[in-house]
Amino acid sequence: SRVDLVVHSLKDLPTSLPLGFTIGAVCKRENPLDAVVFHPKNCGKTLSLLPEKSVIGTSSLRRAAQLKKKFPHLEFRDIRGNLNTRLKKLDEKEDFSAVILAAAGLKRMGWENRIGQLLSPEDCLYAVGQGALAVEVRAKDQEILNMVSALHDTDTVLCCIAERAFMKRLEGGCSVPVAVNSVLKDGQLYLTGAVYSLDGSDSLKETMQTSVNYSQQNEDGPNDDVQHVGITARNVPAQAQDAAENLGVELASLLLSKGAKHILSVARQLNDAR
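Rules of the game
- Residues numbered from 1 in each chain as written.
- Predicted model: local features only at pLDDT ≥ 70, side-chain atom pairs only at ≥ 80, totals over all residues.
- Heavy atoms only, no water.
- UniProt positions renumbered as here; feature names shortened; annotations may be inferred.
- Helix = DSSP H or I, 4+ residues; strand = E, 2+ residues; numbered from the N terminus.
- Buried < 20%, exposed > 50% of the residue type's maximum accessible area, 1.4 Å probe, protein only.
- Arc of directions from axis to C-beta.
- Contact = heavy atoms within 4.5 Å.
- Polar contact = N/O pair within 3.5 Å; in protein donor to acceptor, adjacent residues only side chain to side chain.
- Disulfide = S-S within 2.5 Å.
- 1 Å grid on protein atoms, 1.4 Å probe; cavity = no way out; pocket = protein on both sides within 12 Å on 5 of 7 lines; lining within 4 Å.
- Points joined across faces, edges and corners; volume = space filled by probe spheres on them.
- Nonpolar A, V, L, I, M, F, W, Y, C, P; charged D, E, K, R; others polar.
- Domains from an automatic or database assignment.
- Pairing = 2+ DSSP bridges.
- Axes fitted to C-alpha atoms, helices over the stretch in contact; angles between N-to-C directions.

### Section: the UniProt feature "domain: Porphobilinogen deaminase N-terminal" (unreviewed entry) in the protein
Point 1. Summarizing the sequence annotation, UniProt attributes the feature "domain: Porphobilinogen deaminase N-terminal" (unreviewed entry) to residues 2-145 in the numbering used throughout.
Point 2. The span residues 2-145 is 21% helix and 26% strand, and its two end C-alpha atoms sit 16 Å from each other.

### A closer look at the side chain of Gln-241
Point 1. Among the secondary structure elements, Gln-241 is positioned in helix H6 (residues 238-257).
Point 2. Judged by relative accessible area, Gln-241 falls into the buried class, the value being 3%.

### Comments concerning helix H2 (residues 83-92)
Point 1. Residues Leu-83, Arg-86, Leu-87 and Leu-90 constitute the buried set of H2. Angular distribution of buried residues about the axis of H2 spans 95°; they occupy a single face of the element.
Point 2. Structurally, H2 contributes buried residues whose contacts are with strand S3 (34-38), strand S6 (98-102) and helix H3 (103-108).
Point 3. Where H2 begins, the side chain of Asn-82 points an oxygen toward the backbone nitrogen of Asn-84, at a separation of 3.2 Å.

### Quick notes on the state of the cysteines
Point 1. Scanning the entire structure with this criterion turns up 0 disulfides.
Point 2. No disulfide involves Cys-159; its sulfur sits 6.6 Å from that of Cys-160, the nearest cysteine.
Point 3. For Cys-159, a relative accessible area of 7% puts it in the buried group.

### Some remarks on the layout of surface pockets
Point 1. In this structure, the largest pocket encloses a volume near 1100 Å³.
Point 2. Together, 39 residues line the largest pocket, and Lys-11, Asp-12, Arg-63, Ala-127 and Gln-130 are the ones closest to its centre.
Point 3. Broken down by secondary-structure element, the contributors of at least two residues to the lining of the largest pocket are helix H1 (61-70), H2, S6, H3 and helix H5 (154-170).
Point 4. Here the lining of the largest pocket is composed, by residue class, of 16 nonpolar, 12 polar and 11 charged.
Point 5. Counting contributing residues, the lining of the largest pocket receives three or more from each of domain 1 (34-118) and domain 2 (152-273).

### Focus: the environment of Asn-31
Point 1. Assignment of secondary structure puts Asn-31 in the loop between strand S2 (21-26) and S3.
Point 2. Through-space distance from the C-alpha of Asn-31 to that of Leu-118 is 9.9 Å; in sequence the pair is 87 residues apart.
Point 3. Residues contacting Asn-31, with those up to four places away along its chain left out, are Ala-103, Ala-104, Lys-107, Leu-118 and Gly-131.

### Side note on the sheet that holds strand S11 (residues 203-211)
Point 1. Taking strand neighbours across the sheet as the criterion, the 3 strands line up as S9-S10-S11 in an open arrangement whose pairing is antiparallel. Strands at the two margins of the open sheet, each flanked by one partner only, are strand S9 (178-185) and S11. Taking each pair of neighbouring strands and ignoring which way they run, the sheet shows an average axis angle of 15°.
Point 2. Taken together, the 8 bridges between S9 and strand S10 (residues 188-196) define a ladder with antiparallel strand orientation. Its bridge partner being in S10, Asn-181 is matched across the sheet by Thr-192.
Point 3. Sheet contacts for H6: S10 and S11; angle to S11, the most-contacted strand, approximately 150°.

So this is what it looks like as structure tokens:
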């Protein structure tokens, strides 16, 4: 059986897709922030109000690294499984005081009422592409590409191209703590990016901005199918996409010039040894 399109969480898609495939649409981003879901007995609390040595469940190195530093009185432990499984483990056992999950997933599943605390970017920068849905298609399938391109949300596309370019230049992946926050306002795209050691003690964080204020030009020929970090966005101005990608690359280069490679390689080695 032949499949024409596959819907993924953008955060799960590598920055380089297998040959012959592309992301033909990135839908309007749901809230990209991380959320805390508390054990019923801690209802109404926040992370800072939890008792000393409370155990927080998260399988994300990115979340653990940032929150360990911010909330040193808490302990962080791996929790695996899909959303249902994790919430079940939280509610039915006494192992965890809270778990950290993406707000977007909880909202999509209709469990927004379980969110006890939203973590602001000051508390916890989010994952590259978090909160956005991506439609993967065959790169040469003009008909399907044309059809799904109507789903593109310009602001989301530009933010996610910048975030993905940042990650790609750092050669970051799930095995190292890399985090971002992007804001598009008045034609300016602001990208904050950070890398962390596993315990959060060592980190680098910078913000850069660029103008993405370009209008769509009528470009002839096949150049409208240029991919930017795995995304083909026909109805988004090419110059704006270029600018977003360059922003991500420049920000990563800045962090690399300040020693990001060392932090990431130590984190990777430690994680591989776990």
